[in-house]
Every structure is written in C-alpha cells, then in structure tokens.
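# Per-entry structural report
Here is what each chain is made of, one letter per residue.
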Amino acid sequence: MRWYDQYEILGRHIDSLKDMNSSNRDYLIKGIQEIIQKHSPALLDESVLDFPLELSRQRWYDKDPYLWLTINGLQQADPDLLETVTLFLEEEEAKADLGVN
C-alpha cells in the first residue's frame, strides 16, 4: 500500500500525474511546491534525506527529481497541508474540465 492510498482524492490526483503531459504536470508540481513553501517552508529540506533516491527507480515518479521530491515530501506533510494540496488539485482539475487556463 502506498502512503497516499489512505487519501482517496489526493491519491487519485497523484496517480493522474503519471500519464499527464509534461507541461501540465510541471505546472501542477510547481503549484504544489509553492503551497509547501508557504505552509511548511522547511518540509522538503528536512525530509529529503529520509528518502534516498532509488537506484532502480522502480516507481514512476523516481525518474523525475521534482516529482520525487514533491511526492516524498508530501508523505511527511501534516493533514492541513495535504488538504490544501488536494483542494489546489481539485480546483485545477475543475478549471481543466471547463477549459479555463
């Protein structure tokens, strides 16, 4: 079981990043990183050493350092931050569904 499977909506959004075109994925990852920096500025710096980069890079997000850092960083996030990220992803999905940039 993956850590984000316990967060149904967030997990669905994280999974959707896998097959998303790179420009949309990069936009969302940048947005998530901005939220992390505002909410918990030290989170990524403090947690990066807890997640050594897998040499085999078996997970889909291990191949991209920004995805790897963001997804592993969120694993250490508090529930409020996870909720904020989930809301951001929900809003962005709604915009995309409506064709809004």
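Numbering of residues begins from 1 in every chain and follows the order in which that chain's sequence is written. Restriction of local features to residues with pLDDT of at least 70 applies here, the model being predicted, together with a cutoff of 80 or more for giving and counting side-chain atom pairs; totals for whole chains, interfaces and linings are based on all residues. The basis for every side-chain value is the complete set of non-hydrogen atoms in the structure, without hydrogens or water.

## Looking at the pattern of salt bridges
A side chain with one charge may pair with a side chain of the opposite charge, provided their charged atoms come close. The criterion, for reference: The salt bridge criterion pairs a side-chain nitrogen of Lys or Arg with a carboxyl oxygen of Asp or Glu, the two atoms within 4 Å. Relative accessibility under 20% of the residue-type maximum defines a buried residue, over 50% an exposed one, and the middle range a partly exposed one, all with a 1.4 Å probe and only protein chains included.
Going through the model one piece at a time under the given rule, you end up with six salt bridges. With a shortest N-O distance of 2.7 Å, R2 and D5 are connected by a salt bridge. R2 sits in the partly exposed class, given a relative accessible area of 38%. Under the relative-accessibility criterion, D5 is labelled partly exposed at 30%. R59 is the salt-bridge partner of D62, the closest N and O atoms lying 2.8 Å from each other. Using a relative accessible area of 31% as the deciding quantity, one classes R59 as partly exposed. Taken together, the shared-partner salt bridges connect R2, D5 and D15 into one network.

## Side note on the confidence of the model for the protein
What counts here: Within a predicted model, pLDDT stands for the predictor's per-residue confidence, ranging from 0 to 100. Helix numbers and strand numbers start at the N terminus; a helix is a DSSP run of H or I with at least 4 residues, a strand a run of E with at least 2.
For the protein, per-residue confidence averages 88 on the pLDDT scale, and residues scoring 70 or more make up 88% of the total. Per-element averaging of pLDDT across the protein places helix α3 (residues 43-47) at the bottom with 81 and helix α1 (residues 8-17) at the top with 96.

## Considerations on the nonpolar core
Threshold: The set of buried Ala, Val, Leu, Ile, Met, Phe, Trp, Tyr and Cys residues whose side-chain atoms join them within 4.5 Å is what this entry labels a nonpolar core. Between two residues, a contact is recorded if the distance between any of their heavy atoms is within 4.5 Å.
Ranked by size, the top nonpolar core spans 23 residues in total, and within it W3, I32, W60, I71, L74 and V85 carry the most contacts. The set of elements that each furnish at least two residues to this core consists of α1, α2 (22-39), α3, α4 (65-75) and α5 (79-98). The residues contacting I32, other than those within four sequence positions of it, are T70, L74, V85, F88 and L89.

## So, the packing of aromatic side chains
Condition: Side-chain rings of Phe, Tyr and Trp (the six-membered ring for Trp) are treated as a pair once their centres are within 6.5 Å; stacked means planes under 30 degrees apart, edge-to-face means over 60, and tilted covers the remaining angles.
In total, this model carries three aromatic pairs according to the counting rule given. Plain terms: the ring middles of W3 and Y4 are 5.4 Å apart, the flat faces sit at 85 degrees to each other, and that makes the pair edge-to-face. Exposure remark for W3: the relative accessible area of 14% places this residue in the buried category. Classification of Y4 as buried rests on a relative accessible area of 1%. Between W3 and Y7, the aromatic rings sit 6.3 Å apart at their centres with planes inclined by 65 degrees, giving edge-to-face as the arrangement. The class of Y7 is partly exposed, set by a relative accessible area of 30%. The rings of W3, Y4 and Y7 are connected pair by pair, giving a single aromatic cluster.

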